[in-house]
Amino acid sequence: MPARRGPPARRPRRAPSRGGRAEAAWREFAASFARAGMVPPAEPGLAAVEAAEGAAVLLLAPRQSLTFTGKCRLRCLYGAVRLLGFAVASHHPGLPVFSPATHCALTLEALPADRPPAADLRQLRAAARAAMRAHSVRRQARVKVMARFSPECAVVLLEHLDTPVTRFLLSHPPLSRLFEPQKKEESSFTPEDAVLASVGIVKCSPDRGLLVSESMFVALEELIQACCAEDEGVPMILVCGPKNTGKSTFNRYLINLLLNRLPAVEYMECDIGQTEFTPPGCVSLSNVTEPILGPPFTHQQTPRKMVYYGQTSCEQDTERYLDVVKCVFSSYKKEMPLIINTMGWVKGEGLLLLIDIIRLLSPSHIVQMDVYDWKAMAPLTPEYVHLTPGLYTKGKQQGKCQQMGTAGAEHWKPPEGEGDASVPDYKLLYVHPEFPRAGVAGEARVHSGILRDMSILGYLGQLQSPDIGAVLPLHSLVPYQVPFNAVALRVIHTDVAPTNIMYAVNASWVGLCRIPDEIRCQSDGPVLLTQTPVCDCLGFGIVRGVEMEKKLYHVLTPVPPESLRLVNCLLLGNVAIPNCVLVGQQAVEGEIPYVTSDYNYSILGSGKLKKKKHFKRREYAFECDFT
């Protein structure tokens, strides 16, 4: 079937001057805060002054904090601040910071410093003044900051941030208010708020920031100590728990804390529904060297090892899921600490599958996140994992008198003389989240499907030009042409007749993979695999057209050419292109490609998808209050 090709690539329209366009954007951004209603006034001692066009200097007293939403580039000029666990000092480069309304707000806190001798006070003031001068802070701003300067404070430079990824996301109407504040009943707008708004952030209530419970603090302290102790081997930390208990936030916080002391941390993603560094549907192993200061859509990157499972749930094929986990884990060299994220499916077969994963990976520490009543899952003590059969592994037969309830689970220790070499040897740490609605199914800030779409959009945002200018719609970009006989093809999640395979592939999200076998085809037709391979995935793309006459796939992808030369397999899974990409195609005359307005539901097999009752309607709703 000849594919409908998009228009040829066009040169982007010349954008307005950077200064004029940016200034208009700041005014509109600040006005949006007033329309939405503002938060309580700034705390005493919070000093925010305009440093330059699109920049502000923030002075924080010791232990003073600022919880905010929005995005900016942060640079510490004097002292030190902490952001999601990462300590930012004056030697660090500017860091991009993203705090959207869809996630827990970030909190910037000034770290305490030792009070220097009185003789050094003049030198410290000179150092702070010199740092502001070096970053072109206006003299008037320097004077205001130094008037409130103290040796124990922190001076931070905040700059307006505009990246190709955020520009691409914000160009879609459902996401246009992603970084704007939420509505509040009380309204207050201070001069400090106006300065912060010109940069792109807004102060919000500390309650919207990360709430570190006592159990979380204790667990983090022990994990950091274990990771920094070189005489006890390299720790492998497995984080598990039900949905909406804060596993992802805990992982980011832990990674940032470790990066304060270690050059890098390994991260293994086993949650195919909510991935951190890749689009959904993947199991991956990533080497993390930079702090994580935003949600997944802001830091999509190429992992060291990635396998495309092709679905956001493994319930239909748990055996292949375990094979994928084994394949990815085999690339871990045990040279640095490993953090393993797991799925929130911990009931029924999901719990049995988790036990299999624990036996397969043999972690040194398990962080179990759950509410205090343990209704979602039993405490995963070493004895419990030793005795309980998994989905594919057997547990040791339990004696008649060895029954143990959950009451004594937290303090369980094997009796002396009864130790068994086969009992898992790991330290179990409990974290009880205390944020509102923790552990309540369906009560997350944003539906998981929306977060997956945002990760895909963040990945596709890498196709945009790094230069500031108009956002290029995807259909205006030139795709790669791939001959049918150059790559093998496989639909993962369902059986498709060979005669219909091209209908399924057209306008689909595909994994760009590499299989060890050489692709051999006597004809120029498509090469179809009979089984789903467990193989390396080098990235993703959109098959934006299938040209039957020339036997070509038209693939749009940000994967660099040197990696594309290794691709010899396209895997099509049950992960779809976000609807806003298809519906929101700009500058298209007539019918929108791949979008049907006149649809006949009476055709066999064309009925609407059934939705689970406890799920809300799958639409973007950023104008409502997420809290």
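Residue numbers restart at each chain and count upward from 1, following the sequence in its written direction. Given that the model is predicted, a residue must reach a pLDDT of at least 70 before its local features are reported, and side-chain atom pairs must reach 80 or more before they are shown or counted; all residues, however, enter totals for whole chains, interfaces and linings. Values shown for side chains rest on all heavy atoms present in the structure; no hydrogens or waters enter the calculation.

## As for the overall build of the protein chain
Per the secondary structure count, the protein chain includes 14 helices and 23 strands. In the protein chain, buried positions account for 51% of the 627 residues. Here the protein chain has roughly 30800 Å² of accessible surface; of this, 51% comes from carbon and sulfur atoms. Comment: elements are numbered from the N terminus, with helices defined as DSSP H or I runs of at least four residues and strands as E runs of at least two. Relative accessibility under 20% of the residue-type maximum defines a buried residue, over 50% an exposed one, and the middle range a partly exposed one, all with a 1.4 Å probe and only protein chains included. Using a 1.4 Å probe, accessible areas were evaluated by the Shrake-Rupley method; residue-level cover was limited to the displayed protein chains.

## Details of the side chain of Ser286
Relative to the helices and strands, Ser286 resides in strand 12 (residues 282-288). Contacts are assigned to residue pairs with any non-hydrogen atoms lying within 4.5 Å of each other. Excluding its chain neighbours within four sequence positions, the residues that come into contact with Ser286 are Val265, Glu266, Tyr267, Phe277, Pro303 and Arg304.

## Concerning helix 3 (residues 139-147)
When helix 3 is considered as a whole, its buried residues turn out to be Ala141, Arg142, Val145 and Met146. Considered in projection along helix 3, the buried side chains sweep an arc of 125° and stay on one side of the axis. Exposed side of helix 3, more than 90 degrees from the buried face: Arg139, Gln140 and Ala147 are the residues found there. Looking at the packing, one finds that the buried side of helix 3 touches strand 1 (47-52), strand 2 (55-60), helix 2 (121-134) and strand 8 (154-159). As used here, the arc belongs to the directions running from the helix axis to the C-beta atoms.

## Some thoughts on the packing of aromatic side chains
Ring pairs shown here join Phe, Tyr and Trp side chains whose ring centres sit within 6.5 Å, with only the six-membered ring taken for Trp; geometry is labelled stacked below 30 degrees between planes, edge-to-face above 60, and tilted in between. Applying the stated rule across the entire model yields eleven aromatic pairs. Ring centres of Tyr459 and Phe540 lie 5.9 Å apart, and the angle between their planes is 85°; this geometry places the pair in the edge-to-face category. Of this pair, Tyr459 sits in helix 11 (residues 448-460) while Phe540 sits in strand 21 (residues 536-547), placing them 81 residues apart in sequence. For the pair Tyr459 and Phe540, one class covers both residues: buried. Ring centres of Trp509 and Phe540 lie 5.5 Å apart, and the angle between their planes is 10°; this geometry places the pair in the stacked category. Placement of the pair is Trp509 in strand 19 (residues 508-514) and Phe540 in strand 21, with a sequence separation of 31 residues. Like Phe540, Trp509 is buried. A ring has a charge above it when a Lys NZ or an Arg CZ is no more than 6 Å from the ring centre and no more than 35 degrees off the ring normal. The ring of Phe179 has Lys71 lying over it, and the distance from NZ or CZ to the ring centre is 5.9 Å.

## Thoughts on the pattern of salt bridges
Salt bridges are counted wherever a side-chain nitrogen of Lys or Arg sits within 4 Å of a carboxyl oxygen of Asp or Glu. In total, this model carries eleven salt bridges according to the counting rule given. A single network of salt bridges, built from pairs that share partners, joins Arg63, Arg82 and Glu109.

## A short note on the sheet that holds strand 18 (residues 488-491)
Here, a strand pair is defined by DSSP locating no fewer than two bridges between the strands. The sheet built from seven strands is open, its strands ordered 17-22-21-19-23-18-20 with mixed pairing. The sheet is open, and its two borders are formed by strand 17 (480-483) and strand 20 (527-528), each paired with just one other strand. For strand 21 and strand 22 (residues 552-556), the ladder comprises five bridges, and the chain directions are antiparallel. Within the sheet, the bridge partner assigned to Val543 lies in strand 22 and is Val555.

## Details of the packing of helix 2 against helix 3
What describes two packed helices is the angle between their axes and the distance between those same axes. Comment: axis = line fitted to C-alpha atoms, over the contacting stretch for helices; angle = value between 0 and 180 degrees taken between N-to-C directions. Contact geometry of helix 2 with helix 3 gives a least axis separation of 11 Å together with a crossing angle of 150°. Considering their axes alone, helix 2 and helix 3 lie roughly antiparallel with respect to each other. You can see that helix 2 and helix 3 cross each other, and the crossing is right-handed. Between helix 2, through Arg125, Ala128, Arg129, Met132 and Arg133, and helix 3, the contact on the second element is made entirely by Arg142, Val145 and Met146. The labels follow the angle: roughly parallel below 35 degrees, roughly antiparallel above 145, roughly perpendicular from 65 to 115, and oblique for the rest. Rotating anticlockwise by less than a right angle from the far helix to the near helix defines a left-handed crossing, while the corresponding clockwise rotation defines a right-handed one.

## Looking at the pairing of strand 12
Of all seven residues making up strand 12, six are buried, and the element is well covered by its neighbours. Across five bridges, strand 11 (residues 265-269) lies against strand 12 in antiparallel orientation. Residue Met268 lies in a different strand from strand 12, and its bridge partner there is Leu285. As defined by bridge partners, strand 12 adjoins strand 13 (residues 305-308) across four bridges and the pair is classed as antiparallel.

## Describing the sheet that holds strand 16 (residues 427-431)
Taken together, the seven strands give an open sheet; going across it, the order is 13-12-11-14-10-15-16, and neighbouring strands pair in mixed fashion. Edge positions in the open sheet fall to strand 13 and strand 16, since each of these has one partner strand only. On average, each strand axis in the sheet is tilted by 15° relative to the strand beside it, whichever way the strands run. When strand 10 (residues 236-240) meets strand 14 (residues 338-341), the two strands line up parallel, connected through four bridges. Among the inter-strand pairings, Val239 is bridged to a residue of strand 14, identified as Asn341. Sheet contacts for helix 7 (residues 247-259): strand 10, strand 11, strand 12, strand 14, strand 15 (365-369) and strand 16; angle to strand 14, the most-contacted strand, approximately 170°.

## Some points on the environment of Val534
Following the sequence through the fold, Val534 ends up in the loop between strand 20 and strand 21. With a relative accessible area of 36%, Val534 lands in the partly exposed category. Separated by 21 residues in sequence, Val534 and Cys513 have C-alpha atoms that sit 9.6 Å apart. When residues no more than four places from it in sequence are discounted, the contact partners of Val534 are Val307, Asp323, Val324 and Cys327.

## Notes on the side chain of Gln368
Assignment of secondary structure puts Gln368 in strand 15. For Gln368, a relative accessible area of 0% puts it in the buried group. Distance and chemistry together define a polar contact, namely a pair of N or O atoms within 3.5 Å, with one atom able to donate a hydrogen and the other to accept it when in protein, and with adjacent residues in sequence counting only for side-chain atoms on both sides. A polar contact of 3.0 Å, which involves the side chain of Gln368, links it to the backbone oxygen of Ala378.

## A word on a nonpolar patch on the surface
Where nonpolar side chains cluster on the molecular surface, the patch consists of Val212, Phe217 and Val218 and spans about 260 Å² of accessible area. Topologically, Val218 is positioned in helix 6 (residues 214-228). In this structure Val218 comes out as partly exposed when scored by relative accessible area, which is 44%. Residues enter a patch when their relative accessible area is above 30% and they make no salt bridge; the linking distance is 9 Å between like charges and 5 Å between nonpolar side chains (Val, Leu, Ile, Met, Phe, Trp, Tyr).

By themselves, these figures tell us nothing about what the structure is for.
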